[in-house]
Amino acid sequence: MTVSYYFNNAIGGKTLMRRHGFRLALLLITLAPGMANTATDPKTYHAVLLGANVASAPADTAASAQVTALLHDRTLSVHGSFQGLSSPLRDMTDSPDNPGILLQEGGHGEAGTPLYGLAAETGPESESGIFHGRFRLSLTEAQQLRDGELHLKIVSRDFPDGELRGQLIPLESDTQGRVLRGQGEQLSAD
């Protein structure tokens, strides 16, 4: 039986309400947390990381990285790949959960403050690979992401201030499903 059946019949009959009212209340309490979670649709973000985007001093590098991030409620899942670094990641051996791939606060052109480190898996030379992370953002951090105030930075041994940087921007699509890119930093090398 559906919830609407209980409501419609409860109005006309006190017996039905007494008999099923407790069950209905329990059902609504049980479903409420799930209903709250579906109220926020997942939002996809994207970033292209380039040396030209490094805020402190643009890096002269041919390296690049691509990132996709999914925000659902306040959980952010980040996945990406990088290639062509001038040297291995900053600290792959001693700190595999934060080898120098960072989610940072800071808008376009700002150096920013590190928030989270991402784990990486690299190829034999440690100059190409993939990275990932999953974080429960604070309310402030989630708002910063929506406002375009979070970015990713990759730090290599040759570039301790960052070899690559890219602002997370929403990945939008039109009614035909074509991807529309957001405004902001340089999105590609061309």
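Reading the values: the criteria
Residues numbered from 1 in each chain as written. Predicted model: local features only at pLDDT ≥ 70, side-chain atom pairs only at ≥ 80, totals over all residues. Heavy atoms only, no water. Helix = DSSP H or I, 4+ residues; strand = E, 2+ residues; numbered from the N terminus. Buried < 20%, exposed > 50% of the residue type's maximum accessible area, 1.4 Å probe, protein only. Contact = heavy atoms within 4.5 Å. Areas by Shrake-Rupley, 256 points an atom, 1.4 Å probe, with all protein chains shown as cover. Pairing = 2+ DSSP bridges.

J.: Can you help me understand the overall build of the protein in this one?
T.: A tally of regular secondary structure across the protein gives three helices and twelve strands. A burial count over the protein gives 38% of its 190 residues as buried. Once local pairs closer than 6 in sequence are excluded, the contacts in the protein between residues at least 24 apart make up 58%. Counting only carbon and sulfur atoms, one obtains 54% of the accessible surface of the protein, whose full area is about 10,700 Å².

J.: Please clarify how the pairing of strand β9 (residues 164-167) should be interpreted in this entry.
T.: Burial along β9 is two-sided: Leu164 and Gly166 facing one way and Arg165 and Gln167 facing the other are all buried. Bridge analysis of strand β8 (residues 150-154) against β9 gives four bridges, and the strand direction is antiparallel. Bridge assignment links His151 to a residue of β9, and that residue is Gln167.

J.: Explain the environment of Leu103 here, please?
T.: Position of Leu103 among the secondary structure elements: in strand β4 (residues 101-105). Classification of Leu103 by relative accessible area gives buried; the value is 0%. For the pair Leu103 and Val78, spaced 25 residues apart in sequence, the C-alpha separation works out to 9.3 Å. Once residues lying within four places of it in the same chain are set aside, the contact partners of Leu103 are Leu76, Pro114, Leu115, Tyr116, Leu118, Phe135, Leu150, His151, Leu152 and Leu168.

J.: For this particular structure, what's the right way to read unusual backbone geometry?
T.: When glycine is set aside, most residues are seen to have a negative phi, and most peptide bonds are trans. The phi dihedral of Asp73 is positive, around 55 degrees, even though this residue is not glycine. Structurally, the position occupied by Asp73 is in the loop between β2 (64-72) and β3 (75-83). One non-glycine residue, Ser126, lies in the positive phi region at around 60 degrees. Along the polypeptide, Ser126 turns up in the loop between β6 (119-122) and β7 (129-136).

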